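Listed here are the chains, written in short residue letters.
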Amino acid sequence: MYFKGHFQNAYVTHNLDKALEGIDRRFGKIDWIVFEPDMILKTPTGDKESSVRAALGWHQGHQLEIIQPVKGYLDHYLPALPADKNDATPRFHHIAV
């Protein structure tokens, strides 16, 4: 695997607010930018609408992206999420280079 330029780890969660609180408790307060994009995604079966709540923050030279799927086409997030919707633990989703 090639990590040159690796700058971001992204995670998914069922509850963005609880996930951010947990990360802050464990690693120290992060200055999060929270946003709620509505997106049109290109899929093999055509364009699909998707909405998420997301947060970006920096910790020790790496950006963290935490994503809470909200509505619409969410298929690409679901495999990483736990079955228990009360579990807000962030689960790994992707990296960015």
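Everything numeric in this text was worked out from a predicted model, so none of it was measured.

Procedures and definitions
- Residues numbered from 1 in each chain as written.
- Predicted model: local features only at pLDDT ≥ 70, side-chain atom pairs only at ≥ 80, totals over all residues.
- Heavy atoms only, no water.
- Helix = DSSP H or I, 4+ residues; strand = E, 2+ residues; numbered from the N terminus.
- Rg over C-alpha atoms; globule rule 2.2 N^0.38 Å.
- Buried < 20%, exposed > 50% of the residue type's maximum accessible area, 1.4 Å probe, protein only.
- Contact = heavy atoms within 4.5 Å.
- Areas by Shrake-Rupley, 256 points an atom, 1.4 Å probe, with all protein chains shown as cover.
- Polar contact = N/O pair within 3.5 Å; in protein donor to acceptor, adjacent residues only side chain to side chain.
- Patch = residues over 30% accessible without salt bridge, like charges linked within 9 Å, V, L, I, M, F, W, Y side chains within 5 Å.
- Salt bridge = Lys/Arg side-chain N within 4 Å of Asp/Glu carboxyl O.

**Thoughts on the overall build of the chain**
Logical step 1: Looking only at helices and strands, the chain has 1 helix and 6 strands in total.
Logical step 2: Secondary structure elements of the chain occur, N-terminal to C-terminal, as β-α-β-β-β-β-β.
Logical step 3: Relative to the 2.2 N^0.38 estimate, which gives 13 Å for 97 residues, the radius of gyration of the chain is 14 Å and therefore close to what a compact globule would have.
Logical step 4: Based on the C-alpha atoms only, the size of the chain along its principal axes is roughly 40 × 35 × 25 Å.
Logical step 5: Looking at the 97 residues of the chain, the share that counts as buried comes to 36%.
Logical step 6: Summarising the internal contacts of the chain: among those between residues at least 6 apart in sequence, 57% fall at separations of at least 24.
Logical step 7: Carbon and sulfur atoms form 54% of the exposed surface of the chain, whose accessible area is close to 6500 Å².

**Considering the side chain of glutamine 68**
Logical step 1: With respect to the helices and strands, the residue glutamine 68 is situated in strand S5 (residues 62–72).
Logical step 2: Polar side-chain contacts of glutamine 68 include one of 2.8 Å to the backbone nitrogen of leucine 16.
Logical step 3: Each residue touching glutamine 68, except ones within four places of it in the same chain, is listed here: Thr13, His14, Asn15, Leu16, Val52 and Arg53.

**Details of a nonpolar patch on the surface**
Logical step 1: A cluster of nonpolar side chains, Phe3, Phe92, Ile95 and Val97, forms an exposed patch at the surface whose accessible area comes to about 390 Å².
Logical step 2: You can see phenylalanine 3 is positioned in the segment before strand S1 (8–12).

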